[in-house]
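A look at the structure
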Amino acid sequence: MKIKVGVIYGGETVEHEVSVISAIQAMNKMDQEKYEVIPIYITKNREWYTGEMLKDIEIYEDLNLIKKYGKNVVLYYNKGAYVLQNKKFPRSIVTDIDIVFPIMHGTNGEDGVIQGYLQAIGIPFVGSDVYSSVVGQDKVYMKNIFESESLPITKYTWFYDYDYKNDRDDVIKRIKKLKYPLIIKPATTGSSIGIKVVDDDMELVDAIDNAIQYDNKIVVEEVVENLKEVNISVVGNYEHQNLSEIEEVLSADKFLTYDEKYIGGGKGKLKGGVKRPVKTSSKGMAAATRKIPAEVTKKLKEEVENIATKAFKSLGSSGVCRIDFLIDEKAKKVYINEINSIPGSLAFYLWEAKGVRFTELLDDVINIGVKDYKKRVSKVHSFDTNILKGFASNGLKGMKGAKGKLR
């Protein structure tokens, strides 16, 4: 009997289209002999749909077709099974699901939100749990943990949009303790969305105003000089970790932009002052310009691998992650930048460079998800005893007396 894998993707996030690409890539590479793949697409207004046609990238060019031919569903626990049920009449069960594979990037997906729902209803799922997803998405939490583990990070500061709007001078004063050029980032977005590099005070204000459109928490970091960007993928959990090949990211800009990652030089359109992509490449992150393996010394390679393993474990990550690094080539200094708990294209291209096929990678992370679930349910999360038994007749009497005294 095939294992029913529900792949959840899309959602209310600026990385919606990127998630669609990553999910379709994965669904079409899963072992069809072993798995029955069930698409679960979440629209930008949080409606859930399923249907075989969702495996075709072209259907997303006209979202009205999804609403017309897809089944609008909810996922919940029902009589010993996890099921997708029609929201519309007749509210019949569409299918049951054995395990969920979230392939959601950014807000409401990669940040622990969907993991929290899945864990609350008790269904097995692939990837990092709630806690590691949260700290893996929030760059401030992440940096705090990296600092506590003595992992090398660039100098930085952070602030809330509220602080900036109410006392701009104080925030700017804190930022000026850093050295230009600086990179401004929304704390919880990915795919380089809302990020700008600045060289002076005027550019700084514009960059902050831009970043605030995406997040209420902003990170400001010093830019690494003589920069070389390299990435590595880690597969495993807190017990064991495997490392992919290292890639060198080639960018025409000061950092790898959204366009370079997903559009391939395409232009965005302005809507409400926010740059939005027009059309993404169906290759996703695999379309970005890169060099595999990266041209780094053996010593730097070992340092990247060592830091990646420590970072993965320190955040409690699971499944497949990609960890991004910044190298000062002149100083031969390595800095860890961030972790991507659900990386674009699931970083399959880094594993293919090591001879691991995408289908094998997907099989590995699904198996890890099953093992993580078994570990999770083996722990004590509740007690069979009921301390409320008899509480109505005994406990409430005491409460009434206390209530009278409080008055």
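Our structure's up above, just so we're on the same page.
Below, the structure is looked at part by part. (Residues numbered from 1 in each chain as written. Predicted model: local features only at pLDDT ≥ 70, side-chain atom pairs only at ≥ 80, totals over all residues. Heavy atoms only, no water.)

The subject of this paragraph is the packing of helix H4 (residues 130–137) against helix H5 (residues 139–148). Between H4 and H5, whose axes approach to 5 Å, the crossing angle comes to 100°. Comparing their axes, H5 and H4 come out roughly perpendicular. On H5, the residues touching Val 134, Val 135, Gly 136 and Gln 137 of H4 are Lys 139, Tyr 141, Met 142 and Ile 145. When its residues are assigned to classes, the contact of H4 with H5 shows five nonpolar, two polar and one charged. (Axes fitted to C-alpha atoms, helices over the stretch in contact; angles between N-to-C directions. Helix = DSSP H or I, 4+ residues; strand = E, 2+ residues; numbered from the N terminus. Parallel < 35°, antiparallel > 145°, perpendicular 65-115°, else oblique. Contact = heavy atoms within 4.5 Å. Nonpolar A, V, L, I, M, F, W, Y, C, P; charged D, E, K, R; others polar.)

What follows covers the pairing of strand E5 (residues 81–86). With five of six residues buried, E5 lies mostly within the body of the structure. Counting the residues between successive antiparallel strands, the hairpin from strand E4 (residues 71–78) to E5 contains two residues, one of them, Lys 79, with a positive phi of roughly 50°. As paired strands, E5 and strand E6 (residues 93–97) are joined by four bridges and run antiparallel to one another. By the bridge assignment, Tyr 82 is partnered in E6 with Ile 97. Hairpin connection, E5 to E6: the antiparallel pair is bridged by six residues. (Buried < 20%, exposed > 50% of the residue type's maximum accessible area, 1.4 Å probe, protein only. Pairing = 2+ DSSP bridges.)

This part takes up the sheet that holds strand E3 (residues 48–50). With mixed pairing, seven strands are arranged side by side in an open sheet as E6-E5-E4-E3-E2-E1-E7. Every other strand in the sheet has two partners, leaving E6 and strand E7 (99–102) as the edge strands with one partner each. The sheet shows a mean angle of 35° between the axes of neighbouring strands, direction not considered. Bridge analysis of strand E1 (residues 3–10) against E7 gives four bridges, and the strand direction is parallel. Looking across to E7, one finds that Ile 8 is bridged to Pro 102. Its contacts with the sheet put helix H3 (residues 113–121) on E1, strand E2 (35–42), E3, E4, E5 and E7, and the angle it makes with E4 is roughly 45°.

Let's shift gears to unusual backbone geometry. The omega angle of the peptide bond from Phe 89 to Pro 90 is -5°, so this bond is cis rather than trans. Looking at where Pro 90 falls in the secondary structure, it is placed in the loop between E5 and E6. Following Tyr 180, the chain continues to Pro 181 via a peptide bond in cis, the omega torsion being 0°. Relative to the assigned elements, Pro 181 resides in the loop between helix H7 (168–175) and strand E9 (182–186). Even without being glycine, Leu 346 reaches a positive phi, approximately 55°. Residue position: Leu 346 is located in the loop between strand E18 (333–340) and helix H11 (348–352). Notably, Ala 347 is not glycine yet its phi reads approximately 55°, a positive angle. Relative to the assigned elements, Ala 347 resides in the loop between E18 and H11. Take Ala 347: its relative accessible area is 0%, and that puts it in the buried class.

On to H3. Among all positions of H3, only Ile 114, Gln 115 and Leu 118 are buried. Buried residues in H3, looked at end-on, bunch into an arc of 100°, giving them a common side. For H3, the elements touching its buried residues are E1, E2, E3, E4, E7 and H4. (Arc of directions from axis to C-beta.)

Going through the model one piece at a time under the given rule, you end up with nine aromatic pairs. Ring plane angle 75° and centroid distance 6.2 Å describe the contact between Trp 48 and Tyr 117, whose orientation is recorded as edge-to-face. Placement of the pair is Trp 48 in strand E3 and Tyr 117 in helix H3, with a sequence separation of 69 residues. When its relative accessible area of 31% is taken as the criterion, Tyr 117 is described as partly exposed. Ring geometry for Phe 348 against Phe 358: centres 4.5 Å apart, planes inclined by 15°, an arrangement best described as stacked. (Phe/Tyr/Trp six-rings, centres within 6.5 Å; stacked < 30°, edge-to-face > 60°.)

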